[in-house]
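Examination of the molecular architecture
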Amino acid sequence: MRKYLILIFLNSIIFKAEAQSSALTVADSLYAVGNYTKAIQQYQLVPDQNAKIALQIARSYKGLGNKKAALEAYKNSLIQDSEQAVAATEYGRLLITRREFAIADSIFETLTNKYADNPEYFYQRGRALKQLEKKKDTAREKKEMFKSEEAFSKAVQLDSTHIKALYQLGLHHLTHRDYPIVEKICLKAFESDPDNAEMVNIHAQNYYLRGYYFEAIIWFEKLIDLGQSTPHIHNSLGASYRKKNMHQKAIDQYEILLGLDDEDYGIHHILAELYGKIGDIEKAEYHAKQALYFKDLPLDDIYYTLGKAYQFNKKFEKAIKQYNLVLKVDPKNIELNHKIAVCADNYYEDKKEVVKLYERFIEKFKEGKDYRTKFYISIAEKRLKILKEELFLKEGED
């Protein structure tokens, strides 16, 4: 009888093991091909609901996009076996996507303490800390807390090819205007991945913010060659071209931006100025009128831009008309007053009228003490002297 009972007991164990093995095999197969709902159902049929089964259920929920259920399953798995580094890593990453930054930080703090030579754990902790640092937490600020920059730096120290950590580190220093450090970080990243778009973007921005526009152009162009196309990239590249007087190339970039939003008065305003500089008055006028139509800019800004376009292309009468419209709004603008005198000088045949304009200009601004005012007064005085000499000689001839 005793032997019979033992035999029954052994058979039940074997049957249970076979049932568990069969259900697990089916569940794993379903999970492997992405049939996550049925995989979960099969995992739940496994008699021994251990940490590994809970982990697979968590992964299946994650595959379905059900992050809340996945987090509960990861938590359940780690309660059963807290030594699962892989499960803890996946749990921590998912917590970050759910904006549970404090819990994620505690997870990766534990992992970095236990596996101090793993750069990924420091990188992930840096991600969580970066978000926590954005919150105004007075108690946290007073403590000597481990900072995201330190975490990213440690990740790079452990693995100098960790591009994601290098990117975050570069972004941190770019925000703090540590431009030479950003350049070193980018060059280090390019040693292992020269075409990494995120690093190329930081490198381009770094040059742009430093005012190194030729260098910025090279890297923004590379970014576009890598298939990147955002309003920020085209705007920065267009602005760099403008700074280096590469007018047609700047126009090309701003036309791309206009294709994204043809009611952007600011872009129309810039294009009016640029087309004026290349002598395309028709397009300069068109974009100036569009800027006025969609305006949120002061009218005088548009009139001034159009005036400069006319002046640049020696259409002085039209330029004077635009400048006079601006003068009604901004009568004390010294540059504007000087431009009117210069246009009149080039357009009026009666130089006596021009003399009067320069005299009025000098009288109006002679009390100014700043360098800019002195500069314009000096130019006007020199030109006035020449005009008076020419008029004197002409009268002598008469």
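Our focus in this paragraph is a positive patch on the surface. A contiguous patch of positive charge on the surface is contributed by Lys-62, Lys-67, Lys-68 and Arg-98. Secondary-structure assignment places Lys-68 in helix H4 (residues 67–80).

In terms of nonpolar packing, the biggest core is built from 43 residues, with Met-199, Phe-220, Tyr-254 and Leu-271 touching the most fellow members. Tyr-254 has contacts with Asn-235, Gly-238, Ala-239, Arg-242, Ile-267, Ile-270, Leu-271 and Leu-274, leaving out every residue within four places of it along the chain. Counting residues in each nonpolar core, the second largest holds 30 residues, with Val-46, Ala-70, Ala-87 and Phe-108 among its members.

Now for a nonpolar patch on the surface. Taken together, the side chains of Tyr-371, Phe-375 and Ile-379 make up a nonpolar region of the molecular surface, amounting to roughly 340 Å² of accessible area. On the secondary structure map, Phe-375 appears in helix H22 (residues 371–397).

Tracing the backbone through its elements, the reader meets Lys-62 in helix H3 (residues 51–64). In this structure the C-alpha to C-alpha distance between Lys-62 and Ala-73, which are 11 residues apart in sequence, comes to 9.8 Å. Among all residues touching Lys-62, those that are not within four sequence positions of it are Ala-70 and Tyr-74.

With that out of the way, let us pick up the packing of helix H12 (residues 197–210) against helix H13 (residues 213–225). Contact geometry of H12 with H13 gives a least axis separation of 8 Å together with a crossing angle of 160°. When the interaxial angle is binned, H12 and H13 end up roughly antiparallel. Our pair here, H12 against H13, has a crossing hand that is left-handed. From H12, Ala-197, Val-200, Asn-201, His-203, Ala-204, Gln-205, Tyr-207 and Tyr-208 reach across to H13, where they touch Tyr-213, Glu-215, Ala-216, Trp-219, Phe-220, Lys-222 and Leu-223. In terms of residue class, the contact of H12 with H13 is made up of 10 nonpolar, 3 polar and 2 charged.

Right, let's get into unusual backbone geometry. A positive phi angle, close to 65°, is found at Arg-99, a residue other than glycine. Inspection of the secondary structure assignment puts Arg-99 in the loop between helix H5 (85–97) and helix H6 (101–114). In this structure Arg-99 comes out as exposed when scored by relative accessible area, which is 58%. For Asn-245, which is not a glycine, the phi torsion comes out positive at approximately 60°. Relative to the assigned elements, Asn-245 resides in the loop between helix H14 (231–243) and helix H15 (247–260).

What counts and what doesn't
All residue numbers here refer to positions counted from 1 along the written sequence of the relevant chain. In view of the model being predicted, local features appear only for residues whose pLDDT reaches at least 70, and side-chain atom pairs are presented and counted only at 80 or more, with totals across whole chains, interfaces and linings using the full set of residues. Side-chain measures here rest on the full set of heavy atoms in the structure, leaving out hydrogens and waters. Excluding any residue in a salt bridge, patches collect residues exceeding 30% relative accessible area, merging like charges within 9 Å and nonpolar Val, Leu, Ile, Met, Phe, Trp and Tyr side chains within 5 Å. Note on areas: these come from Shrake-Rupley sampling with a 1.4 Å probe, and a residue is covered only by the protein chains present in the view. Salt bridge, as used here: a side-chain nitrogen of Lys or Arg that lies within 4 Å of a carboxyl oxygen of Asp or Glu. Charged residues are defined here as Lys and Arg on the positive side and Asp and Glu on the negative side; His and the ends of the chain fall outside this count. Where a charge sits is defined by one atom per residue type, namely NZ (Lys), CZ (Arg), CG (Asp) or CD (Glu). A run of DSSP states H or I qualifies as a helix once it reaches four residues; a run of E qualifies as a strand once it reaches two. Both are numbered from the N-terminal end. We define the nonpolar core as a collection of buried residues of types Ala, Val, Leu, Ile, Met, Phe, Trp, Tyr and Cys that are connected through side-chain atoms lying within 4.5 Å of one another. Buried residues are those whose accessible area, probed at 1.4 Å on protein chains only, stays under 20% of the maximum for their type, while exposed residues exceed 50% and partly exposed ones sit between those limits. The contact criterion used is simple: two residues touch if any of their non-hydrogen atoms lie within 4.5 Å. Axis angles are defined between N-to-C directions and span 0 to 180 degrees, where every axis is a line fitted to C-alpha atoms and, for a helix, only to the segment in contact. Orientation labels follow simple angle bins: below 35 degrees gives roughly parallel, above 145 gives roughly antiparallel, 65 to 115 gives roughly perpendicular, and whatever is left gives oblique. In this scheme the crossing of two helices becomes right-handed for a clockwise turn of the near helix relative to the far one and left-handed for an anticlockwise turn of less than a right angle. Each residue gets one of three labels, nonpolar for Ala, Val, Leu, Ile, Met, Phe, Trp, Tyr, Cys and Pro, charged for Asp, Glu, Lys and Arg, and polar for the others, Gly among them.

These figures come from the coordinates and say nothing about function on their own.
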